[in-house]
Amino acid sequence: MAKQIKLVKSLISCKKNQIETAHSLGLRKIGDITNQPDNSQTMGKIKTISHLVEVKEV
């Protein structure tokens with residue numbers, strides 16, 4: 001299984017670690033979508049920026 005992650009809110013005024021987490025997932029601007037493997041590392045990143053993204057099972 002994989003997760004489809006979409007950035008739905010702006011990274012402006014976010015903490016530095018949240019911006020770096022979004023960039024590590026390949027999310028740079030609103031509307032960007034990436035597919036990531038469903039593992040503990042990805043889930044930790046999603047948890048860090050959960051208020052900024054939408055997540056779907058692929």
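For the structure, see preceding data.
Here is a short report on the structure shown in this document. Note that the coordinates shown come from a computational prediction; the quantities given were computed from them, not determined experimentally.

Broken down by element type, the protein carries 2 helices and 3 strands. In sequence order, the secondary structure elements of the protein are arranged as β-α-β-α-β. Relative to its length of 58 residues, the protein is compact, with a C-alpha radius of gyration of 10 Å against a globular reference of 10 Å. Based on the C-alpha atoms only, the size of the protein along its principal axes is roughly 30 × 20 × 15 Å. Considering only residue pairs separated by 6 or more positions, the protein has 71% of its internal contacts joining residues 24 or more positions apart. When the accessible surface of the protein is split by element, carbon and sulfur atoms take 52% of a total near 3900 Å². Positive and negative charge centroids in the protein, built from 10 and 5 side chains respectively, lie 5 Å apart.

A few words on the sheet that holds strand 3 (residues 53-57). What the 3 strands build is an open sheet, ordered 2-1-3; its pairing is antiparallel. The two strands at the open ends of the sheet, each matched to only one other strand, are strand 2 (33-37) and strand 3. Strand-to-strand twist across the sheet, computed as the mean angle between neighbouring axes with direction ignored, equals 25 degrees. Note that strand 1 (residues 2-7) and strand 3 share 5 bridges and pair antiparallel. Counterpart to lysine 3 in the pairing with strand 3 is glutamate 57. Against the sheet, helix 2 (residues 40-48) makes contact with strand 1, strand 2 and strand 3, and its axis sits at roughly 25 degrees relative to strand 1, the strand it touches most.

Turning our attention to the nonpolar core. By size, the foremost hydrophobic cluster in this structure holds 11 residues: Ile5, Leu7, Leu11, Cys14, Ala22, Leu25, Leu27, Ile46, Ile49, Leu52 and Val53. For leucine 27, the contacting residues outside a window of four places in its chain are Ile5, Leu7, Leu11, Ala22, Asp32, Ile33, Thr34 and Val53.

Reading the values: rules and limits
Residues numbered from 1 in each chain as written. Predicted model: local features only at pLDDT ≥ 70, side-chain atom pairs only at ≥ 80, totals over all residues. Heavy atoms only, no water. Helix = DSSP H or I, 4+ residues; strand = E, 2+ residues; numbered from the N terminus. Rg over C-alpha atoms; globule rule 2.2 N^0.38 Å. Contact = heavy atoms within 4.5 Å. Areas by Shrake-Rupley, 256 points an atom, 1.4 Å probe, with all protein chains shown as cover. Lys, Arg positive; Asp, Glu negative; His and termini not counted. Charge placed at Lys NZ, Arg CZ, Asp CG, Glu CD. Pairing = 2+ DSSP bridges. Axes fitted to C-alpha atoms, helices over the stretch in contact; angles between N-to-C directions. Core = buried A, V, L, I, M, F, W, Y, C linked by side-chain atoms within 4.5 Å. Buried < 20%, exposed > 50% of the residue type's maximum accessible area, 1.4 Å probe, protein only.

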